[in-house]
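# Results of the structural survey
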Amino acid sequence: MKKASSPSRSSTNTARRRGRRAIEYALLLIGCVVFVDALVGEKGLLETMKKRQEFEVLEQAIRRARAENGLLREEAKRLRSDPAAIEDLARRELGLIKPGEHLFILKDRPTNPER
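Here's a quick rundown of the structure. As the structure is a computational prediction, the values presented were derived from the model and not from experiment.

## Topic: the pattern of salt bridges
According to the stated counting rule, one finds seven salt bridges in the structure shown. Between Glu47 and Lys51 there is a salt bridge whose closest N-O contact spans 3.8 Å. Of this pair, Glu47 and Lys51 both sit in helix H2 (residues 45-81), separated by four residues, roughly a single helical turn. By relative accessible area, Lys51 is classed as partly exposed at 44%. Across the pair Arg91 and Glu101 runs a salt bridge, and its minimum N-O distance is 3.1 Å. Note that Arg91 is positioned in helix H3 (residues 83-94) and Glu101 in the segment after H3, a separation of 10 residues in sequence. On the basis of relative accessible area, Glu101 is assigned to the partly exposed category, the value being 33%. A single network of salt bridges, built from pairs that share partners, joins Glu47, Lys50, Lys51 and Glu54.

Here you go:
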């Protein structure tokens, strides 16, 4: 003969199953929260990608600034040592002319459609 399981034994098994299921759901919820935080959190994947892009933009700006600094250093060196460079700069920037030279300013005339 088989013994019938007692009501207290089946209720404890049911309670254990419910407890395990509650723990599984809690762990699943915690896992989901951790996953979402890893994706969009303060130090998440999306923020990391945005910071890398900002880093690349800043690196390019630094490279451009360094190249411009190099050109400016060369120009400063040339201006310190070459009088022709100083003269060229004065002519271009200040519109200076040498004695005996004549300056001609040509203005564009509007075209007449009647002609």
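## Re the packing of H2 against H3
Where H2 meets H3, the axes come as close as 5 Å, and the angle between the chain directions of the two elements is 110 degrees. One finds that H2 runs roughly perpendicular with respect to H3. Together, Glu75, Arg78, Leu79 and Ser81 of H2 and Pro83, Ala85, Ile86 and Leu89 of H3 make up the contact between the two elements. Of the residues belonging to the contact of H2 with H3, the class tally is five nonpolar, one polar and two charged.

## Structural notes on the environment of Arg18
Mapped onto the secondary structure, Arg18 falls in helix H1 (residues 7-40). The exposed category is assigned to Arg18, whose relative accessible area is 63%.

## Re H3
Since one α-helical turn is 3.6 residues long, residues separated by three or four positions face the same way. Helix length check: H3 (12 residues) gives 16 Å between terminal C-alpha atoms against 16 Å at 1.5 Å per residue, within 8%. You can read the cap of H3 off the contacts: a side-chain oxygen lies 3.2 Å from the backbone nitrogen of Ala84, and it is on Asp82. Looking at the residues trailing H3, positive phi occurs at Gly95, about 70 degrees.

Rules used in this analysis
Residues numbered from 1 in each chain as written. Predicted model: local features only at pLDDT ≥ 70, side-chain atom pairs only at ≥ 80, totals over all residues. Heavy atoms only, no water. Salt bridge = Lys/Arg side-chain N within 4 Å of Asp/Glu carboxyl O. Helix = DSSP H or I, 4+ residues; strand = E, 2+ residues; numbered from the N terminus. Buried < 20%, exposed > 50% of the residue type's maximum accessible area, 1.4 Å probe, protein only. Axes fitted to C-alpha atoms, helices over the stretch in contact; angles between N-to-C directions. Parallel < 35°, antiparallel > 145°, perpendicular 65-115°, else oblique. Contact = heavy atoms within 4.5 Å. Nonpolar A, V, L, I, M, F, W, Y, C, P; charged D, E, K, R; others polar. Expected span 1.5 Å × (residues − 1). Polar contact = N/O pair within 3.5 Å; in protein donor to acceptor, adjacent residues only side chain to side chain.

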